[in-house]
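# Tertiary structure, described
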Amino acid sequence: MLLNILLINPPLDWPDDTRLNSIFFQPVQSLGLGYIAAVLENEGYTVDVLECSAIGLNIKNIIGIIKNKEYSIIGLSVFIYNYYHSALIGNNVKKLFPNIKLVLGGFLPTLSPNEMFASIPGLDYCVLGEGEYTFLNLIRSIDSPTTIVETNGIAYKRNDEIIINGCSEVITHLDSLPFPKISYISPSGMAAIISGRGCHGRCSFCSVEAYRGKIKGKYCRKRDPMQIIKEIEMLVHEHKVKIISFHDDSFLSVKELWLVNFIQSMKQSQLNILFSFSARADDIIRFQKYMPELKEMGLTYIFIGVESFVPRQLELYNKNISSEENRKAIEIIEECNISYGLGLILIDPFVCLDEIEYNLNVLNEIRYPEHCNSDNPPISLLSPLFSVKYSQIESMLKNKGLYVKNEYGYEIIDNLSKRYFKISKMWVSQLVLVHNKSFLDGDAYFGGYFKTAKRLKLLKKQIKVIDLNFCLSLCQYVKNNPEDKEVISFLSPWFEKINIISTEINEIYNNRKIVG
């Protein structure tokens with residue numbers, strides 16, 4: 001008997017509502033679930049996929065959907081950023097529908113299946129590593145205890161003992177997979193695809209290194225450019241897609257021949273689309289001669305994980321890239337007039353105020369607020385370093401006795417930096433409200449009110465300029481004032497500046513000044 005299967009991409013634990021109104025950073029579907037669904041449907045199974053954050057589903061909505069259809073198996077894609085909601089959904093499913101088999105897959109189940117079974121006592125199975133064929137084999141075996149024992153790539157309970165069979169081999173030839181099942185296309189016509197799997201980086205703040213140690217086989221693999229073009233053509237012709245977001249960890253971590261073939265294939269296809277990707281600074285430098293050509297083909301945005309311009313931080317983060325390389329990559333992108341955003345981690349446990357100020361001065365010199373994509377957040381809204389589960393940073397903090405059970409996993413050691421961060425959070429409490437309001441430009445743009453969208457886009461850039469100037473001014477305030485008795489007096493003029501922009505945005509909204 002073929003089973004009805006529901007795959008769920010749970011809500012984010014820290015929802016970012018600005019993405020729903022962003023022109024370019026729209027939510028996209030989970031490609032992992034899309035690939036699994038496509039493999040299962042090819043075998044005759046009925047598969048539904050819920051993209052909870054993209055379409056605004058909460059736990060009540062999800063339970064309602066499950067009640068209305070007889071599902072035999074429910075799968076959740078579990079990562080650090082949706083762990084809370086995954087456990088909430090999982091526990092509710094097993095409480096209300098105990099006969100439904102519950103399966104977890106993703107980074108966290110692969111790295112720590114024991115933790116998953118502890119968080120969801122009724123959990124039936126974890127899929128470890130790449131899930132397409134493991135999930136399929138699990139479903140085929142699910143009614144046969146003998147076969148379950150022999151299924152690679154899963155963890156399960158037997159008489160209260162957790163059995164871990166270890167990861168299956170990775171999928172060597174990614175093009176052997178069917179194209180992902182389409183479960184969501186953004187209002188702007190954006191869809192995600194991958195050109196490969198795996199990351200060549202060894203960043204200390206990321207849990208990929210631990211994941212790499214769990215799986216079997218070659219970690220970094222690339223697809224045939226012609227197959228990528230065929231998938232894009234399908235998305236354009238069948239789903240009216242206008243923007244492609246490559247969800248590779250690092251799109252340009254390839255051999256030159258692959259990139260040449262990709263460019264040639266894109267040109268021959270004559271597809272009129274925009275596309276974006278993430279890249280390392282050293283790869284941008286390595287392939288700088290191809291950047292104008294990629295721009296001409298439709299490359300409209302690059303996210304560069306520079307993290308810092310301070311050598312000590314770059315070493316701490318194990319970036320294996322210099323500050324000079326970071327600046328050179330930005331220079332190349334700006335010369336090609338390609339929109340970009342930077343991954344920045346300015347706060348870490350050991351940061352001193354001079355390092356914070358140095359990074360801010362570099363961002364001021366390159367005029368980052370004016371030049372970056374307007375949908376990128378202001379500097380103050382960027383997260384400090386997180387002690388991500390199973391990362392090298394987490395291990396280092398625990399080994400040094402610096403790990404703390406708080407939001408970030410540590411306390412800032414330097415007193416001046418600690419004061420800077422404390423005061424900046426007071427500023428952020430007001431800044432975030434104005435920043436979120438500014439994303440009305442997405443509503444205006446999608447509604448065809450382009451003049452208003454353009455004005456709101458300029459206001460977003462003004463917010464970023466004010467914020468960077470605030471950060472630089474805060475560095476001086478902290479240096480010159482050993483105590484924070486005058487902090488309200490310091491903050492007040494900055495609040496006034498940001499409130500002027502807030503007032504204009506309110507007038508646009510309240511007076512419906514959305515005119516063509």
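Basis of the calculations
Residues numbered from 1 in each chain as written. Predicted model: local features only at pLDDT ≥ 70, side-chain atom pairs only at ≥ 80, totals over all residues. Heavy atoms only, no water. Helix = DSSP H or I, 4+ residues; strand = E, 2+ residues; numbered from the N terminus. Rg over C-alpha atoms; globule rule 2.2 N^0.38 Å. Contact = heavy atoms within 4.5 Å. Phe/Tyr/Trp six-rings, centres within 6.5 Å; stacked < 30°, edge-to-face > 60°. Buried < 20%, exposed > 50% of the residue type's maximum accessible area, 1.4 Å probe, protein only. Lys NZ or Arg CZ within 6 Å of the ring centre and 35° of its normal. Axes fitted to C-alpha atoms, helices over the stretch in contact; angles between N-to-C directions. Parallel < 35°, antiparallel > 145°, perpendicular 65-115°, else oblique. Nonpolar A, V, L, I, M, F, W, Y, C, P; charged D, E, K, R; others polar. Core = buried A, V, L, I, M, F, W, Y, C linked by side-chain atoms within 4.5 Å.

Secondary structure summary: the protein contains 23 helices and 14 strands in total. For 516 residues, the compact-globule estimate of 2.2 N^0.38 gives 24 Å, and the C-alpha radius of gyration of the protein, at 24 Å, lies within 12% of that figure. Structurally, the protein occupies a C-alpha span of about 70 × 55 × 50 Å along its principal axes. Looking at the protein alone, contacts between residues at least 24 apart form 76% of all its contacts between residues at least 6 apart.

On to the packing of aromatic side chains. Under the criterion given, the structure shown has 24 aromatic pairs. For the pair F246 and F262, a centre-to-centre distance of 5.9 Å together with 80 degrees between the ring planes defines the contact as edge-to-face. Within this pair, whereas F246 is found in strand β11 (residues 243–246), its partner F262 is found in helix α12 (residues 256–269), the two being separated by 16 residues in sequence. F262 carries the same exposure label as F246, and that label is buried. With a centroid separation of 5.5 Å and 5 degrees between ring planes, the pair formed by W258 and F262 is classed as stacked. Note that W258 and F262 are positioned in helix α12 at a spacing of four residues, about one turn of the helix. By way of ring pairs, the aromatic residues F246, F251, W258, F262, F275 and F277 are connected into one cluster. The side chain of K222 reaches across the aromatic face of W258, ending 4.8 Å from its centre.

This next bit is on unusual backbone geometry. Its identity is not glycine, yet R367 carries a phi of approximately 55 degrees, on the positive side. On the secondary structure map, R367 appears in the loop between α17 (353–365) and α18 (368–371). Overall, the relative accessible area of 44% leaves R367 in the partly exposed class.

Here we take up the packing of helix α20 (residues 415–437) against helix α23 (residues 487–510). The relative placement of two packed helices is expressed as an angle between their axes plus a distance between the axes. As a packed pair, α20 and α23 sit with axes 9 Å apart at the nearest point and diverge in direction by 5 degrees. Between α20 and α23, the crossing angle belongs to the class labelled roughly parallel. Contacts from I423, M426, W427, Q430, L431, V434 and K437 of α20 reach α23 at V487, I488, L491, W494, F495, I498, I501, S502, I505 and N506. Of the residues belonging to the contact of α20 with α23, the class tally is 13 nonpolar, three polar and one charged.

On to the environment of I100. Considering the arrangement of structural elements, one finds I100 in the loop between α5 (83–96) and β4 (101–105). Residue classification places I100 among the buried positions, given a relative accessible area of 7%. Residues I100 and E70 lie 30 residues apart in sequence; the distance between their C-alpha atoms is 9.0 Å. In contact with I100, not counting residues within four places along its chain, are I66, Y71, S72, I73, I74, V93, K94 and D124.

On to the nonpolar core, then. One broad rule of soluble globular proteins: the nonpolar side chains tend to lie buried together. Core analysis: the biggest nonpolar cluster contains 96 residues, and I232 and F262 have the highest contact counts within it. By residue number, the principal contributor to this core is helix α22 (residues 450–480), which donates 12 residues. Ignoring any residue separated from it by four or fewer positions in sequence, one finds I232 in contact with I193, I244, F246, M266, L271 and I273. In this structure, I66, F97, V208 and C220 belong to the second largest nonpolar core, which totals 37 residues.

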